[in-house]
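Given next are the chains, with one letter for each unit.
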Amino acid sequence: MDRCLAQVCRLREPRWAVMESIIHKALHRYTVRAKAGGAQSACDGGKKVKSVGSSLRRHGEQRLAEDIKERSSAERGPHELLTVKWAEELSACELILVSVSKRMKSTLLGTEKEPFLPEPHRIRKLPFMMGKPTFEAVKSAYFRAASLVFCEEKVAEVMSARFNPREEPEKPSKLEKPPEKVPEKEPEAAPEPVKYCEEEDPLFTALHAAALADDVDQIWEELEEGGDPTARDSKGRVAYYLCSSAGAREAFRRWRGQNEEAWEWEKAQVPEGITEASEQRKREKEKETGEKRQLEEARVKCDKCQTPITAKPFSRLNYLYCSFDCSNQHRRDLQAEAALKRLG
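Residues numbered from 1 in each chain as written. Predicted model: local features only at pLDDT ≥ 70, side-chain atom pairs only at ≥ 80, totals over all residues. Heavy atoms only, no water.

Digging into the overall build of the protein chain
And then number 1: Helix and strand counts for the protein chain come out as 14 helices and five strands.
And then number 2: Per-residue burial over the protein chain gives 20% buried out of 344 residues.
And then number 3: Partitioning the intrachain contacts of the protein chain with sequence separation of at least 6 by distance along the chain shows that 54% fall at a separation of at least 24.
And then number 4: Accessible surface, the protein chain: about 28,200 Å² in total, of which carbon and sulfur atoms supply 53%. (Helix = DSSP H or I, 4+ residues; strand = E, 2+ residues; numbered from the N terminus. Buried < 20%, exposed > 50% of the residue type's maximum accessible area, 1.4 Å probe, protein only. Contact = heavy atoms within 4.5 Å. Areas by Shrake-Rupley, 256 points an atom, 1.4 Å probe, with all protein chains shown as cover.)

Some details on the layout of surface pockets
And then number 1: Approximately 620 Å³ is the volume found for the second largest pocket.
And then number 2: Lining the second largest pocket are 19 residues, with Phe143, Arg232, Glu266, Lys267 and Gln269 positioned closest to its centre.
And then number 3: Of all elements in the fold, only helix H7 (135-145) and helix H12 (265-268) reach the threshold of two or more residues within the lining of the second largest pocket.
And then number 4: Counting residues per element, the lining of the second largest pocket draws most heavily on H7, which supplies five residues. (1 Å grid on protein atoms, 1.4 Å probe; cavity = no way out; pocket = protein on both sides within 12 Å on 5 of 7 lines; lining within 4 Å. Points joined across faces, edges and corners; volume = space filled by probe spheres on them.)

Brief notes about a nonpolar patch on the surface
And then number 1: The grouping of Leu5, Leu148 and Phe150 at the surface amounts to a nonpolar patch, some 330 Å² of accessible area in total.
And then number 2: In this fold, leucine 148 is placed in the loop between H7 and helix H8 (153-160).
And then number 3: For leucine 148, a relative accessible area of 53% puts it in the exposed group. (Patch = residues over 30% accessible without salt bridge, like charges linked within 9 Å, V, L, I, M, F, W, Y side chains within 5 Å. Salt bridge = Lys/Arg side-chain N within 4 Å of Asp/Glu carboxyl O.)

Observations regarding a negative patch on the surface
And then number 1: A surface patch of negative charge is lined by Asp215, Asp217, Glu221, Glu224 and Glu225.
And then number 2: Tracing the sequence through the fold places glutamate 225 in the loop between helix H10 (216-224) and helix H11 (246-258).
And then number 3: Classification of glutamate 225 by relative accessible area gives exposed; the value is 58%. (Lys, Arg positive; Asp, Glu negative; His and termini not counted. Charge placed at Lys NZ, Arg CZ, Asp CG, Glu CD.)

Quick look at the pattern of salt bridges
And then number 1: Evaluation of the coordinates by the stated rule reveals eight salt bridges.
And then number 2: One salt bridge connects aspartate 233 with arginine 237, and the closest N-O pair in it is separated by 2.9 Å. No difference in accessibility class separates aspartate 233 from arginine 237, as the two residues are buried.
And then number 3: Taken together, the salt bridges that share partners define one network made up of Glu136, Lys139 and Glu266.

Observations concerning the nonpolar core
And then number 1: In terms of nonpolar packing, the biggest core is built from 17 residues, with Leu207, Ala211, Ile219, Leu223, Phe252 and Val270 touching the most fellow members.
And then number 2: Those elements that place two or more of their residues in this core are helix H9 (206-212), H10, H11 and H12.
And then number 3: Residue contributions to this core peak at four residues, all from H11.
And then number 4: Residues in contact with leucine 207, not counting those within four places in the same chain, are Ile219, Glu222, Leu223, Gly227, Asp228, Pro229, Ala239 and Phe252.
And then number 5: Ranked by size, the runner-up nonpolar core spans seven residues in total, among them Trp86, Leu90, Cys93 and Val98. (Core = buried A, V, L, I, M, F, W, Y, C linked by side-chain atoms within 4.5 Å.)

Details of the packing of H10 against H11
And then number 1: Here H10 crosses H11 at 30°, and the two axes come no closer than 9 Å. Considered as vectors, H10 and H11 are oriented roughly parallel to each other. Remark: the crossing between H10 and H11 carries right-handed chirality. On H11, the residues touching Val216, Ile219, Trp220, Leu223 and Glu224 of H10 are Gly247, Ala248, Ala251, Phe252, Arg254, Trp255 and Gln258.
And then number 2: Considered class by class, the residues forming the contact of H10 with H11 number eight nonpolar, two polar and two charged. (Axes fitted to C-alpha atoms, helices over the stretch in contact; angles between N-to-C directions. Parallel < 35°, antiparallel > 145°, perpendicular 65-115°, else oblique. Left-handed = near helix turned anticlockwise from the far one by under 90°. Nonpolar A, V, L, I, M, F, W, Y, C, P; charged D, E, K, R; others polar.)

Overview of the pairing of strand S2 (residues 95-98)
Sheet faces and side chains relate simply in a regular strand, where the side chains alternate between the two faces.
And then number 1: Every second residue of S2 is oriented toward a common face, with Leu95 and Leu97 on one face and Ile96 and Val98 on the other, all of them buried.
And then number 2: The pairing of S2 with strand S3 (residues 123-125) spans three bridges and is classified as parallel. What sits directly across from valine 98, in S3, is lysine 125. (Pairing = 2+ DSSP bridges.)

Let's talk about H11
And then number 1: The end-to-end C-alpha separation of H11 is 19 Å, in line with the 18 Å expected for 13 residues at 1.5 Å each.
And then number 2: Those residues of H11 not exposed but buried are Ala248, Ala251, Phe252, Trp255 and Arg256. For H11, the angular spread of buried residues about the axis comes to 130°, placing them on one side. Among the exposed residues of H11, those pointing more than 90 degrees away from its buried face are Ala246 and Gln258.
And then number 3: Against H9, H10 and H12 lie the buried residues of H11. (Expected span 1.5 Å × (residues − 1). Arc of directions from axis to C-beta.)

Topic: the environment of phenylalanine 314
And then number 1: When you line up the elements, phenylalanine 314 lands in strand S4 (residues 314-316).
And then number 2: The sequence separation of phenylalanine 314 and serine 327 amounts to 13 residues, and the corresponding C-alpha distance is 7.2 Å.
And then number 3: Sequence-distant contacts of phenylalanine 314, that is, excluding residues within four places in its chain, are made with Tyr319, Leu320, Tyr321, Cys322, Ser323 and Phe324.

Dropping the structure here:
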């Protein structure tokens, strides 16, 4: 069956494309109102909301527009990306799967009169929802779209048939006799669903069992003995997916850091490996963040204008100033206050 399936799949050898899988860039800004949904600019159409959250969202929209403007001036836009930079790769693809809203469709693919791609009939909508447009989400979408599902012929016909709620069943003509009613048979009892059991699963390896138990030592031992982290059980799960504790997940990442070339870690769904260099960078970053926080907390303010002093301050008596002008102005203010007190 394996050889037959391989031969069937090799007949056409289709080439598909999922957008953003070659070059990607994600911009994240706080612009959407939590739980209520919608952008802040849409809410401001009726009335001007005055709150801290609305101010932050307006600032986020402004920053997002600036980021897009800066990016468009430094990099290629969607039109040049599809028609110039990716033209050779996309022309060799049989299908191009996209996940885009109706509002942004013209921005990504162009219009009917001026499409960015020469053959729009090759474009298909991704048949499921996607999350945030990250590189990991695109790889997951490609894996789902390129997977094969085995089912019975009746189930395949039902799944592939188009649903039309307006379609009514054909009514028999008046000349035809209505069909005789056949006595209905008593429905047979549905068989009880078979419960999944790891012990009875031949594809459930010892590494799967160690990951399910969150046994750090056993996970490390199984990987050292050649356990395959890319192997999947009967439910399609890799061993890393079964880890429920941070220690078990860290064991996989540390072993990957020491054996980067041993397996295809993307298939094993194990994130970036932990090495001495990465831990050193993490410690340095935490130290730098702590030092910045201490400097901000210890930063003094000018006794005249109350702005934080970032350079060497000007001192006079027991006061500190950010500039010589603030020092002179404060001195004159103190002299004026003393003169008023003397005059009563």
